[in-house]
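Working through the structure, step by step
One letter stands for each residue in the lines below.
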Amino acid sequence: MLTKRIIPCLDIKDGRTVKGVNFVELRDAGDPVELAKIYSDEGADELVFLDITATVDKRKTLAELVTKVAKAINIPFTVGGGISTVEDVKFLLNAGADKISINSAAVHNPQIINEMAAEFGSQCIVVAIDTRNIDGIDFVHTHGGRKATLLRTQAWAQEVCDRGAGEILLTSMDHDGTKAGFSNELLSEISSALSIPVIASGGAGSMEHFKDVFTFGKADAALAASIFHFKEIGIPELKGYLVDEGVSVRK
Amino acid sequence: MTDVRCWVFTSDIGHLTPDNKMKIAVIKYNSGNVQSVLYALERLGANAELTDDPEVIRAADKVIFPGQGEASTAMKYLKERKLDQLIADIKQPFLGVCLGLQLLCEHSEENDTECLGIFPVRVKRFLPENSQEFKVPHVGWNELENLTDTPLLKDLPANPFVYYVHSFYAELSEFTIAQTHYIHDFSGILHRDNYYAMQAHPEKSGLVGEKILENFLSL
């Protein structure tokens, strides 16, 4: 049976792992390669690296980190942060990334999703969507969730799917950093409407939250950062809990 | 509480004794990222060369045919370089991975492509009956089941998990040595004579994948 995936996310700044609480206050949580290896050995199903300071001239530094990670671990990983061109994608895939994720670039130029999917295959194109609820309506946000757009989240999710995205990484800015649980209602709505997998992000605080996101939220995978980095929840412990709760995970 | 660590942590999978004499050729063609296959072989202490040179491929002790991408353009590329004939004539242990498995079959529904025909098996597209429950592509960790007792699959745990990313699958056949269930059963691993093929990515399948690669290198 296809299992639900647990994905630790490593936010990278200047080659180190950081995690922002609501993307503002940053804390240092260690060496990315070392952390990646630990998570892989503990049973993480995939990893995501988000370079939060990515700019064109930092691309080379990120590629070097990607190569180090690819050499060290034997599970799939996604790299995101500041990726906007087909060339960026080629560079990171050649460095050893299995998938890349794009966010703001897709909002500004949706056609780039079609181009990337045609060039490299949908399987390696993840579209990250940051969403925030404003007066009862879900709007796509860019720039780390700071800038609102006029795009409705549900419609945008459908559009990126139609344009050839392989997976959607949906982060609720309202839930991110709160540790109060994932945005299950919105996730369920989007996951049910789409034919591609949805990775839930934002709000993980307890093991129960993961059970809820896989059942009520209908997510295919769940991503979290600080609760793993600061060892509030261990991955073996979490997987054991999910098995006991009847959620199918990789053992 | 169920302890899911047991196999992961007690596994005594060792790495190969580096054998510098063993030559492993990884076939270079217009498929996606093959770096991870090379890194996985490197982690096992094996020396692999990424090459499309027929002489190097013929002289190798083991040949790996990786793959990611689209079937018809990959077949066109192989034919233009006469790698199709080379693959058909190869006598040493040969492992196709992902698209590599599909190209070793007879025909793929992906752009109606005639493939290499090593396995008389047809490759079809997943058709989800219920898109809420079954999404396409089939992405993530799934089990290999009904494992045949063969050297490639020795010393694996029962129903081991491997990592899949694909929209097309090979049907079950007499050459299926492990199957996986997604929407329906399909061929997880095929074997015929010196040819082996795996739909999942061993290079991304944790310790299970490493063990399968190690077994292949020991054939």
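Keep in mind that this is a model prediction, so the values were computed, not measured. (Residues numbered from 1 in each chain as written. Chains lettered and ligands numbered in written order. Predicted model: local features only at pLDDT ≥ 70, side-chain atom pairs only at ≥ 80, totals over all residues. Heavy atoms only, no water.)

To continue, consider the overall build of chain A. When helices and strands are tallied, chain A shows 10 helices and 12 strands. In terms of overall dimensions, chain A is globule-like: its C-alpha atoms have a radius of gyration of 17 Å, near the 18 Å expected for 251 residues. In terms of overall dimensions, chain A has C-alpha extents of about 45 × 40 × 40 Å along its principal axes. Expressed as a percentage of the 251 residues in chain A, the buried residues total 59%. (Helix = DSSP H or I, 4+ residues; strand = E, 2+ residues; numbered from the N terminus. Rg over C-alpha atoms; globule rule 2.2 N^0.38 Å. Buried < 20%, exposed > 50% of the residue type's maximum accessible area, 1.4 Å probe, protein only.)

This next bit is on the UniProt feature "active site" (unreviewed entry) in chain B. The residues that UniProt annotates with the feature "active site" (unreviewed entry) are C98(B), H201(B) and E203(B). Maximum C-alpha separation among the annotated residues is 10.9 Å over a sequence range of 106 residues, consistent with a single clustered spot. With respect to the secondary-structure elements, C98(B) resides in the loop between β4 (94–97) and α6 (99–104). Leaving out residues up to four positions away in the same chain, C98(B) has contacts with G67(B), V165(B), M198(B), Q199(B), A200(B) and H201(B). Relative to the assigned elements, E203(B) resides in the loop between β13 (195–198) and α7 (206–217). Note on E203(B): relative accessible area 6%, which makes it buried. Those residues in contact with E203(B) that sit more than four places away from it in its chain are N74(A), S36(B), V37(B), A40(B), R43(B), V97(B) and L213(B). A distance of 2.8 Å separates polar atoms of two side chains, one belonging to E203(B) and the other to H201(B). (UniProt positions renumbered as here; feature names shortened; annotations may be inferred. Contact = heavy atoms within 4.5 Å. Polar contact = N/O pair within 3.5 Å; in protein donor to acceptor, adjacent residues only side chain to side chain.)

Turning our attention to the interface of chain A and chain B. Between chain A and chain B, the residue contacts involve 45 residues of the former and 33 residues of the latter. In this assembly, chain A packs against chain B so that about 3200 Å² is buried in total across both faces, 57% of it on carbon and sulfur atoms. Here chain A is connected to chain B by two salt bridges. Residue D220(A) pairs with K135(B) through a salt bridge whose shortest N-O separation is 3.0 Å. For the pair chain A and chain B, the interface holds 18 residue pairs in polar contact (both at pLDDT 80 or more). Looking at the side of chain A that touches chain B, the elements that each hand over two or more residues are α1 (32–42), α2 (59–72), α3 (86–95), α7 (184–193) and α10 (235–244) of chain A. Counting residues per element, the side of chain A that touches chain B draws most heavily on α10(A), at seven residues. Of the residues in the side of chain A that touches chain B, the class split is 19 nonpolar, 10 polar and 16 charged. (Buried area = accessible area lost by both parts, 1.4 Å probe. Salt bridge = Lys/Arg side-chain N within 4 Å of Asp/Glu carboxyl O. Nonpolar A, V, L, I, M, F, W, Y, C, P; charged D, E, K, R; others polar.)

Summarising the model, chain A shows a mean pLDDT of 90, and 94% of its residues fall at 70 or more. Between residues 20–27 of chain A, whose pLDDT stays under 50, and residues either more than four places distant or in other chains, the model counts 19 contacts. (pLDDT = per-residue confidence, 0-100.)

All names here are of chain B. Here four strands make up an open sheet; going across it, the order is β6-β5-β7-β10 and the pairing mixed. At either end of the open sheet lies a strand with only one pairing partner, and these are β6 (113–114) and β10 (168–170). Two elements, strand β5 (residues 107–108) and β6, share two bridges in a ladder whose sense is antiparallel. Along β6, the bridge assignment pairs S108 with T113. (Pairing = 2+ DSSP bridges.)

All names here are of chain A. Here the UniProt feature "active site" (unreviewed entry) sits at D11 and D130. Along the chain, the position of D11 falls in strand β1 (residues 5–13). With respect to the helices, strands and loops of the structure, D130 is situated in strand β7 (residues 125–134). Judged by relative accessible area, D130 falls into the buried class, the value being 7%. Those residues within four positions of D130 in sequence are excluded, and the remaining contacts are N103, F139, V140, H141, G144, G145, T171 and M173. At 3.3 Å, the side chain of D130 forms a polar contact with the side chain of N103.

Moving on to the side chain of K62(B). Residues and elements named next belong to chain B. Structurally, the position occupied by K62 is in strand β3 (residues 62–65). Buried and unpaired, K62 has D61 as its nearest opposite-charge partner, separated by 6.6 Å. Discounting residues that sit within four places of it in the chain, K62 has contacts with M22, K23, I24, A25, P93, F216, L217 and L219. (Lys, Arg positive; Asp, Glu negative; His and termini not counted.)

Take the environment of I125(A) next. Residues and elements named next belong to chain A. Counting through the fold element by element, I125 comes out in strand β7. Classification of I125 as buried rests on a relative accessible area of 0%. Placed 56 residues apart in sequence, I125 and V69 show a C-alpha to C-alpha distance of 19 Å. I125 has contacts with V89, I100, M116, A117, A165, G166 and E167, leaving out every residue within four places of it along the chain.

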